[in-house]
Every structure is written in structure tokens, then in C-alpha cells.
Amino acid sequence: MRIISGIKKGKKIILPDPSITRPLKDNVKENIFNILLHSRKFQINFENTKIIDFFSGSGSFGLECISRGSKKVQFIEKNHKIQNTLYRNLSNNFDKNKFDINKNDFFNIDKISLIENFKPNLIFLDPPYEIEKFDKILDFIKILSKYKNLIIILHVKKTKNFFIENFKYSLEKIYGSSKVIFLKTNS
């Protein structure tokens, strides 16, 4: 795995033990960023954006955002072994004022306070495929409809299709066993 573009283009990403996490594949990541940059619906300019990367793992998505000029990325990762890998990837590549690592469980942190205080432009959720609490993640996403930001969910291809009120369903793409869902507010 590597950083695809930006100031750290080509830099290798250290991966945690594959039995603990499922890394974001380069081709899926590249397709996500192509959509973000070139779709008429999104056209994200990463300079000065703020990103929250839930279930960060190795940090591949957030690392890519920082490399492309994001102002700051909040990484949320609960596993201590993975946190060490994440920190190594970040500290080997980027200034410490470009990132924060929140070492708490997604299901136990005050996500709304985090969003209200941090004011992200983009929220990325890449929960483990076998997660049993996906409905709780969907409940959280419903709350996000009152904020002006883009949400990207990466999950297993067989994830049921869903519609969340107050969001304009923007795009759904399948890459191998992964489904990527892009949501944005109606406003």
C-alpha cells in the first residue's frame, strides 16, 4: 500500500497485522479520490479541509487526505496495536499539527461533540465488515444530516441498500467485495 497523490506520493504505508484489520486497497482508495475530485456532485478541494476518519486502521484514507493538502485529520481507532502502526505512519510522514489520534471506541465517544467542535468537511467510515452494530452506525449517520458535510461509508458489498431521510443519495459503487456509499446533505 502507498500514498497515491500529493506531497507524499509513492510513500509506503505500514500495515498492521492482517488478522486484526482489513486495509483499504489502493485501487478502491484511488477510485474514491477520483470520484471526490472529478464528480460534478462533489468536486472536493482538499486544501484546508477537515476530515474525520472513523475506524482508521493504518490511516490510509486520512494519510491520503493530508498528502493532498487537508488542514487536519482526526483519526479514530480503538485497537492499541493498530494505533501504534497508525502513529508510525503519521509521524514518519506528516507534521503533528496535521493530525490527532483519538484512541477510543466509535461506540463510546461523544461523536456529536466531536463533529460540532471539529467541524469536518468530510467523514469517512470504514467499520469492520463483520461488525454487528452496523445499525448503530446508520443511526449516527441519520444524525449527521443536519450538518453540511460529505459522508463516505465503506462496507461489505452485501450491505443492504438504505435510504436515510434528509440526505441526497449521491452515489454507490462496488469494488470487489467492497461497497462504497457517498452521502451528502440536501442543503
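None of these values were measured; they are calculated from a predicted model. (Residues numbered from 1 in each chain as written. Predicted model: local features only at pLDDT ≥ 70, side-chain atom pairs only at ≥ 80, totals over all residues. Heavy atoms only, no water.)

Observations concerning the pairing of strand 4 (residues 122-125)
Link 1 in the chain: Neither face of strand 4 is left uncovered, since the one carrying L122 and F124 and the one carrying I123 and L125 both have all their residues buried.
Link 2 in the chain: The pairing of strand 1 (residues 50-54) with strand 4 spans four bridges and is parallel. Bridging across to strand 4, D53 finds its partner in F124.
Link 3 in the chain: When strand 4 meets strand 5 (residues 150-156), the two strands line up parallel, connected through four bridges. (Buried < 20%, exposed > 50% of the residue type's maximum accessible area, 1.4 Å probe, protein only. Helix = DSSP H or I, 4+ residues; strand = E, 2+ residues; numbered from the N terminus. Pairing = 2+ DSSP bridges.)

Considerations on the packing of aromatic side chains
Aromatic ring pairs are defined here through the distance separating the ring centres and the angle between the ring planes.
Link 1 in the chain: Summed over all chains, the structure comprises nine aromatic pairs.
Link 2 in the chain: Note on F54 and F140: the rings are 5.6 Å apart at their centroids and 80° apart in plane angle, and the pair reads as edge-to-face. Of this pair, F54 sits in strand 1 while F140 sits in helix 5 (residues 134-143), placing them 86 residues apart in sequence.
Link 3 in the chain: Where F61 meets F124, the ring centres are 3.8 Å apart and the plane angle is 5°; that geometry is what we call stacked. With F61 in helix 2 (residues 60-67) and F124 in strand 4, this residue pair connects regions lying 63 residues apart in the sequence. The exposure classification of F61 matches that of F124, with both residues buried. (Phe/Tyr/Trp six-rings, centres within 6.5 Å; stacked < 30°, edge-to-face > 60°.)

Looking at the nonpolar core
Grouped burial of nonpolar side chains is what soluble globular proteins tend to show.
Link 1 in the chain: Counting residues in hydrophobic clusters, the biggest one holds 30 residues, and the most contacted among them are I32, L36, F61 and I152.
Link 2 in the chain: Looking at this core, the elements with two or more residues in it are helix 1 (26-38), helix 2, strand 2 (72-76), helix 3 (80-91), strand 4, strand 5 and strand 7 (178-185).
Link 3 in the chain: In terms of residue count, the dominant contributor to this core is helix 1 (five residues).
Link 4 in the chain: Leaving out residues up to four positions away in the same chain, I32 has contacts with F61, F124, I152, V180 and F182.
Link 5 in the chain: Core analysis: the second largest hydrophobic core is formed by 24 residues, I52, I123, I131 and I141 among them. (Core = buried A, V, L, I, M, F, W, Y, C linked by side-chain atoms within 4.5 Å. Contact = heavy atoms within 4.5 Å.)

A short note on the side chain of N102
Link 1 in the chain: Relative to the helices and strands, N102 resides in strand 3 (residues 99-102).
Link 2 in the chain: There is a polar contact of 2.7 Å between the side chain of N102 and the side chain of N104.
Link 3 in the chain: Contact partners of N102, with chain neighbours within four places excluded, come to F75, I76, E77 and I109. (Polar contact = N/O pair within 3.5 Å; in protein donor to acceptor, adjacent residues only side chain to side chain.)

The quantities given are spatial measurements derived from coordinates; they are silent on function.
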